[in-house]
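Descriptive analysis of the structure
Residues per chain are reported as follows:
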Amino acid sequence: MNKTARVVGWGMIGHLAVPVSTAVLVLGLPFVLDPRTYGYWQLYLFYAMWLGYLTFGVPDGHHLRYAGTHLSALHPGRFVGTFVHLLLGVAVAAGVLALVGAALIEDPTQQLMWVLACAATVLFVPRTLLTAALQSASRFTPFAAVVLTERGLVVGLSLAVVALVGADAGALATADVLAKATGLVAGAIVILRLLGATRTGAAEAQGTDAAPSAQGTDAAPSAQGTDAAPELLDTNAAPELLDTNPAPERQETNPAPHQGSAWAETRADISIGSFLLLANLAAVAVHGVLRLAVERRWGVVEFGQVSLAFSAALLLTTAAHAMGWLSLPRLAHTPRERWAAVHALVRDGTRGPLAALVLLYLPAQVVLTRWLPDYRTALDYVGLLLPLVVVETRWRVVTSGLLKVMHRQRVLLALNLLALAAAVVLALWFTLVMPSELGVVLSLLWVTVLRSAVADAWLGRQLGHAWAGGLALDLLVVGALVAAMVVGGWAGAVLGLAVVAVATWWDRGATAEMLVRVRQEVMG
């Protein structure tokens, strides 16, 4: 592999470290934890997931503003100031929430899970700003090092807890908190060293002092290169999966970095990232509302079963989420007239292979059911939810990225709020009017398909490309995959294979092109 492919590969490894480590624990701990203890541990993860969005939009705003720029575009003093502002803001907010939650929650174990989740938030959220800065500058190798350090400790400490303490949800949550503390320290050390090296290299290249003048501090590097420190990946010159033939002139989608105080920099990040934060929060609230409905209606044990199913289904889309982060700087440099082709390629080229991936669960389910008889219900739910991979992958790889580079954060927010509203209605219906745990679980699939359909229709109109045929085929494939999972066995496998064959043949040209491009990206 060439240099670019290796560096992008490290970016993928960094992003995949989170789902892989989570999968090891989510799918492995049922072998050693009883359903009740597992339910409490899932409750901690649930709290931590929600509180992890207590970012005020700072990391999101930073990534949108600096995506595709060199690390020398950051002023060390202002960046450190922004980090301190975020850390203090999160600490105050999490402290208040911990006190309020501790006073309102009656179950002692649930109370402990909430307090530890608040502590984890203070350590995790500021680290996301550090890794967002590394990703925006395409410093994927140090990004991967920070994430791998944290996630490796999460798994290692959790396994040590199980071996030394046994089945204790509080000890597992404490291990997660300690790992996040280490990740924060590692991220701070890495980013400070890189900022120092970049500033020194830039000053030497310009023949000036180590502290450049105010006029040149926030400016992007010139064509000759003011960043003398070796860049791991220049997104303006690297071969691109989404744009292999860049146009001579590219549309500028990122506003210039703010010139001013650290507080002004923080406010600039918040003003740009707040809508994206709300959109992300609305998205995670969809399955959060459904999981909470199960916990309130059927208890912590069933909450653990449904959480296992949701987690397993969504873990398969996290690789797509990683691709979305990596492709954002490339989309920002891709001419607008090519956006429609990019969206259509991802939509049509991945449908068949993803449907085939879903079918692999049928034989796996047989084995898992024998190993984990106490979690049979969760395993059945996983099979019914897996078809969402077909449409959710496209959303994470390209749809949300296009909305970001088009500066349509409000549209992204509206789409996620639509999905959230549908989830709330379905959750109330299946818990109060027609109680059905299965109905609540399937609501996640229906809401995911609804959001994807509306997004494709909106993008099709904006970008001027056909969308109705792709939507119809999506619905056909998803519906047939659900039917295959319900039927199960050899009959379900035959039905599913027939669907995969039709979907792949129908878009065989796009599928072949997508596979070639993925191979080029991997092999360089």
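Preceding this section is the structure that the text describes.
A short tour of the structure in this document, coming up.

Some points on the overall build of the protein chain
Along the backbone of the protein chain there are 20 helices and zero strands. The 524 residues of the protein chain split such that 56% are buried. In the protein chain, once contacts between residues fewer than 6 apart in sequence are set aside, the share between residues at least 24 apart is 85%. Accessible surface, the protein chain: about 21,400 Å² in total, of which carbon and sulfur atoms supply 68%.

What about the packing of helix α17 (residues 437-463) against helix α18 (residues 468-487)?
It is the contact of α17 with α18, at a shortest axis distance of 11 Å, that shows an interaxial angle of 170°. In terms of axis orientation, α17 runs roughly antiparallel to α18. The two elements α17 and α18 cross, and the hand of that crossing is right-handed. Along the contact surface, α17 presents L445, V449, A453 and D456, while α18 presents L471, D474, L475, V478 and V482.

Re a nonpolar patch on the surface
A contiguous nonpolar patch, built from V424, L428, W429, L432, V433 and M434 and spanning about 580 Å² of accessible area, is present on the exposed surface. Of the residues examined, V433 reaches a relative accessible area of 52% and is grouped as exposed.

Side note on the nonpolar core
Side chains of a nonpolar character, in soluble globular proteins, are inclined to be buried together. With 50 residues, the main nonpolar core has L385 and V477 as its most contacted residues. Residue contacts for L385: discarding those within four places in its chain leaves A309, F310, A313, V441, L444 and L445. Judged by nonpolar contacts, the second largest core, of 46 residues, contains F79, L86, L123 and A169.

Things to note about the packing of aromatic side chains
A complete count under the given rule lists eight aromatic pairs for this structure. Judged by centre distance (6.3 Å) and plane angle (65°), the rings of W505 and W506 are edge-to-face. The exposed category is assigned to W505, whose relative accessible area is 51%. On the basis of relative accessibility, which here comes to 57%, the residue W506 falls in the exposed class. One aromatic cluster in this structure is built from F46, Y47, W50, W114 and F303. We note R451 situated over the ring of W395; from NZ or CZ to the ring centre the distance is 4.0 Å.

A few points about the environment of V382
Along the polypeptide, V382 turns up in helix α14 (residues 376-385). The sequence separation of V382 and S311 amounts to 71 residues, and the corresponding C-alpha distance is 8.7 Å. Setting aside anything within four residues of it in sequence, one finds V382 in contact with L308, A309, A312 and Y361.

Quick look at helix α19 (residues 489-506)
Helix length check: α19 (18 residues) gives 26 Å between terminal C-alpha atoms against 26 Å at 1.5 Å per residue, within 8%. Residues of α19 that are buried include every one of G492, G496, V499, V500 and A503, and no others. An end-on view of α19 places all buried positions within 100° of arc, on one side of the element. Turned more than 90 degrees away from the buried face of α19 sit W490, V494, L497 and W505, all of them exposed. As for α19, its buried residues are in contact with α12 (339-359), α13 (361-371) and α18.

Rules of the game
- Going along each chain's sequence as written, the residues are numbered from 1 onward.
- Where local features are concerned, this predicted model is filtered to residues with pLDDT of at least 70; where side-chain atom pairs are given and counted, the filter is 80 or more; whole-chain, interface and lining totals use all residues.
- Only hydrogens and water are set aside when side-chain values are computed; all heavy atoms of the structure are taken into account.
- Here a strand is any run of E in DSSP of at least two residues, a helix any run of H or I of at least four, and the numbering for each starts at the N terminus.
- Relative accessibility under 20% of the residue-type maximum defines a buried residue, over 50% an exposed one, and the middle range a partly exposed one, all with a 1.4 Å probe and only protein chains included.
- Contacts are assigned to residue pairs with any non-hydrogen atoms lying within 4.5 Å of each other.
- Note on areas: Shrake-Rupley, 1.4 Å probe, and residue coverage restricted to the protein chains presented here.
- Every axis corresponds to a line fitted to the C-alpha atoms, with the helix fit spanning only the stretch in contact, and the corresponding angles, defined between N-to-C directions, vary from 0 to 180 degrees.
- Note on terminology: angles under 35 degrees are roughly parallel, angles over 145 are roughly antiparallel, angles of 65 to 115 are roughly perpendicular, and the others are oblique.
- The hand of a helix crossing depends on one turn: near helix anticlockwise from the far one by less than a right angle means left-handed, and clockwise means right-handed.
- Residues enter a patch when their relative accessible area is above 30% and they make no salt bridge; the linking distance is 9 Å between like charges and 5 Å between nonpolar side chains (Val, Leu, Ile, Met, Phe, Trp, Tyr).
- For this analysis, a salt bridge means a side-chain nitrogen from Lys or Arg found within 4 Å of a carboxyl oxygen belonging to Asp or Glu.
- What we call a nonpolar core is a set of buried Ala, Val, Leu, Ile, Met, Phe, Trp, Tyr and Cys residues that are connected through their side-chain atoms within 4.5 Å.
- Aromatic rings from Phe, Tyr and Trp, with only the six-membered ring used for Trp, were paired whenever their centres fell within 6.5 Å, and each pair was classed as stacked if the ring planes differed by under 30 degrees, edge-to-face if by over 60, and tilted otherwise.
- We call a charge positioned over a ring when the NZ of a Lys or the CZ of an Arg lies within 6 Å of the ring centre and within 35 degrees of the ring normal.
- Expected span of a helix: the number of residues minus one, times 1.5 Å.
- By arc we mean the arc of the directions from the helix axis to the C-beta atoms, nothing more.

Any functional reading would require information beyond the geometric quantities listed.
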